[in-house]
Each structure stands twice: as C-alpha cells, then as structure tokens.
Amino acid sequence: MRNHNGGSPMGMHEVPASGRAVVVAVVAWSLAWKGASLWRAARNGSKPWFVTLLLTNTLGVLDAVYLFGVDRHHRRGELDELAILQVTGEPEQGGHPQET
C-alpha cells in the first residue's frame, strides 16, 4: 500500500524511539484515567457517566473532570450526611422494614 506521494506508509517500526515512547506514555496516561473514572462511575451507579466515559477518548480530560468535579460533589454530599448523623446521634437509616 502506498500513500499519495508514492512512498510507503510509515509503520510503527519506522517511528523514532522517542516518538514510540511518547505514544506509549499517552496510551498509559489515558488508560489510567479511563480505568479510574470508569471504576468510580460504576461504583456510584452512574450509568450515563459510565457510558459517556467509556465511549469518549479525550486523553483523560473528561475522566479527570468526572473524578475531580462530579464525583467529588457526590462524595461531599455523602460526607455531609454522615457528619449530620454523627452530630445528631441518630442511627443511619439502613433500609429496615417499617414496623406496623
């Protein structure tokens, strides 16, 4: 297969070592952010965010937004609720059946 200039297309083996290192670093960076954000979205039960993060590739940008923005807001709400329960001394509502 030839490109439009009549030469062979450049294969990965023809890329300088420094270029290959950059590609490997970018892939590792993206996979780390993608894995962390997908894990957290799944644990939070957030299907829309899980699907969005799974289908997009933004080199970790959207994944970081989810981890440091959306998820942090979600966790802050949980921590506020726990703090209120500790201060008031009320037991956590564990989904016990109502007494009739």
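Residues numbered from 1 in each chain as written. Predicted model: local features only at pLDDT ≥ 70, side-chain atom pairs only at ≥ 80, totals over all residues. Heavy atoms only, no water.

Draft legend 1. Broad picture of the overall build of the protein. Check the secondary structure of the protein and you find three helices and zero strands. Listing each helix as α and each strand as β along the protein from the N terminus yields α-α-α. Relative to its full complement of 100 residues, the protein shows a buried share of 16%. Here the contacts in the protein between residues at least 6 apart in sequence split such that 40% fall between residues at least 24 apart. (Helix = DSSP H or I, 4+ residues; strand = E, 2+ residues; numbered from the N terminus. Buried < 20%, exposed > 50% of the residue type's maximum accessible area, 1.4 Å probe, protein only. Contact = heavy atoms within 4.5 Å.)

Draft legend 2. A look at the environment of Arg 20. Its location among the elements puts Arg 20 in helix α1 (residues 17-43). Residues contacting Arg 20, with those up to four places away along its chain left out, are Met 12, His 13 and Val 15.

Draft legend 3. Broad picture of the pattern of salt bridges. According to the stated counting rule, one finds one salt bridge in the structure shown. Salt-bridge contacts for Asp 63 lead to Lys 34; the nearest nitrogen and oxygen are separated by 3.9 Å. Residue Asp 63 is found in helix α3 (residues 61-88), and its partner Lys 34 is found in helix α1; the two are separated by 29 residues along the sequence. Taking relative accessible area as the criterion, Asp 63 reaches 1% and is therefore assigned buried. A relative accessible area of 15% means that Lys 34 is categorised as buried. (Salt bridge = Lys/Arg side-chain N within 4 Å of Asp/Glu carboxyl O.)

Draft legend 4. Fine view of unusual backbone geometry. In this model, Leu 59 sits at a positive phi of 55 degrees, which is unusual for a non-glycine residue. With respect to the element layout, Leu 59 can be found in the loop between α2 (47-55) and α3.

Draft legend 5. Representation of the nonpolar core within the structure. Judged by nonpolar contacts, Trp 33, Leu 38, Ala 41, Leu 53, Ala 64, Tyr 66 and Leu 67 together constitute the single largest core of seven residues. Put simply, the parts of the chain that give this core at least two residues each are α1 and α3. The residues contacting Leu 53, other than those within four sequence positions of it, are Lys 34, Ser 37, Leu 38, Ala 41, Leu 62, Asp 63 and Tyr 66. (Core = buried A, V, L, I, M, F, W, Y, C linked by side-chain atoms within 4.5 Å.)

Draft legend 6. Representation of the packing of aromatic side chains within the structure. In total, this model carries three aromatic pairs according to the counting rule given. The interplanar angle of 65 degrees and the centroid separation of 5.7 Å between the aromatic rings of Trp 29 and Trp 33 together place this pair among those described as edge-to-face. Placement of both Trp 29 and Trp 33 in helix α1 is noted, with a separation of four residues, approximately one turn of the helix. For Trp 29, a relative accessible area of 51% corresponds to the exposed category. Geometrically, the ring pair formed by Trp 33 and Phe 68 is edge-to-face, given 5.8 Å between the ring centres and 70 degrees between the ring planes. Here Phe 68 lies in helix α3 and Trp 33 lies in helix α1, a separation of 35 residues in the sequence. With relative accessibility at 48%, the residue Phe 68 sits in the partly exposed group. The rings of Trp 29, Trp 33 and Phe 68 are connected pair by pair, giving a single aromatic cluster. (Phe/Tyr/Trp six-rings, centres within 6.5 Å; stacked < 30°, edge-to-face > 60°.)

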